[in-house]
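As a plain string of letters, each chain reads:
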Amino acid sequence: MEALANIESRTVNKQEKLVVLRHEDNESCKNEIEMTFKELLEDMSKKLMPYAMFLTYKNKADSSDLVHNTIIKLIKNKDKFLEHSKPMAYAKKILKNNHVDNLRKQKRMVSIEGNDIPVTNDGFHQQNFEFQQMIICLKSFDETDQIILSMLGAGHSYEEIQEVVNDISMANLRVKANRARIKLAKCMDRKL
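A brief report on the enclosed structure follows.

About the thresholds
Residues numbered from 1 in each chain as written. Predicted model: local features only at pLDDT ≥ 70, side-chain atom pairs only at ≥ 80, totals over all residues. Heavy atoms only, no water. Core = buried A, V, L, I, M, F, W, Y, C linked by side-chain atoms within 4.5 Å. Buried < 20%, exposed > 50% of the residue type's maximum accessible area, 1.4 Å probe, protein only. Helix = DSSP H or I, 4+ residues; strand = E, 2+ residues; numbered from the N terminus. Expected span 1.5 Å × (residues − 1). Contact = heavy atoms within 4.5 Å. Axes fitted to C-alpha atoms, helices over the stretch in contact; angles between N-to-C directions. Parallel < 35°, antiparallel > 145°, perpendicular 65-115°, else oblique. Nonpolar A, V, L, I, M, F, W, Y, C, P; charged D, E, K, R; others polar.

## Section: the nonpolar core
Within the largest apolar cluster, 19 residues are counted, with the highest numbers of intra-cluster contacts made by Phe-37, Leu-40, Leu-41, Val-67, Leu-74, Phe-81 and Leu-95. Those elements that provide at least two residues to this core are α3 (37-55), α4 (60-76), α5 (78-83) and α6 (87-108). The biggest single contributor to this core is α3, with 8 residues. Listed in part, the 8 residues of the second largest apolar core include Ile-161, Val-165, Ile-168 and Leu-173.

Here's what the structure looks like:
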């Protein structure tokens, strides 16, 4: 009882690297925390993690980032943090504000999928350039050569191509396909 009476009479003490946190109601006084600032931050990070997991829908990486940023802000505002009557509530408020700030930043970022911005060939500019160059070259070919090359490019067999192009024998089809490939390679400045 004497120790309890002694605790009630004390206020928040800041000794050399020692922090004493005290709650106002009598029952919490039994749980007075005495630890260094580093230990206090370690304890806070363990207690903040479940709240961060709740805010980020159990995304562990985002939760860790939130807690880490909160601890950094607590270190920067060490005096305010130590003088606050409810340090855990103060830390949770900083964590929640960090989360809200992150959500706002994400909303400001332009989403390609959300805004229906067309992606050209998954972002491969060289492939897109070559594809456009091939289309230009194919436009200069006659219709039979275009059909032969496009069907070969799509993976069709010579028999399937012959069914589409009726008036060509199999030998003539193979010769036309070979000549069309050479012509396309030459048009695109490539070696076959």
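## Considering helix α7 (residues 125-139)
Its 15 residues place the ends of α7 21 Å apart at the C-alpha level, agreeing with the 21 Å of an ideal helix rising 1.5 Å per residue. Those residues of α7 that are buried are in contact with α8 (143-153) and α10 (170-187).

## Some points on the environment of Met-49
Examined against the element boundaries, Met-49 turns out to sit in helix α3. The spacing of Met-49 and Val-67 is 18 residues in sequence and 6.4 Å in space, taken between C-alpha atoms. Not counting chain neighbours up to four residues away, the residues in contact with Met-49 comprise Lys-60, Ser-63, Ser-64 and Val-67.

## Side note on the packing of α8 against α10
Packing of α8 against α10 leaves a shortest axis separation of 9 Å and a crossing angle of 85 degrees. If you check the angle between α8 and α10, you find them roughly perpendicular. Of α10, the residues touching α8 (which contributes Thr-144, Asp-145, Ile-148, Leu-149 and Leu-152) are Leu-173, Lys-176, Ala-177, Ala-180, Arg-181 and Leu-184. Each residue belonging to the contact of α8 with α10 can be placed in one class, and the counts come to 7 nonpolar, 1 polar and 3 charged.

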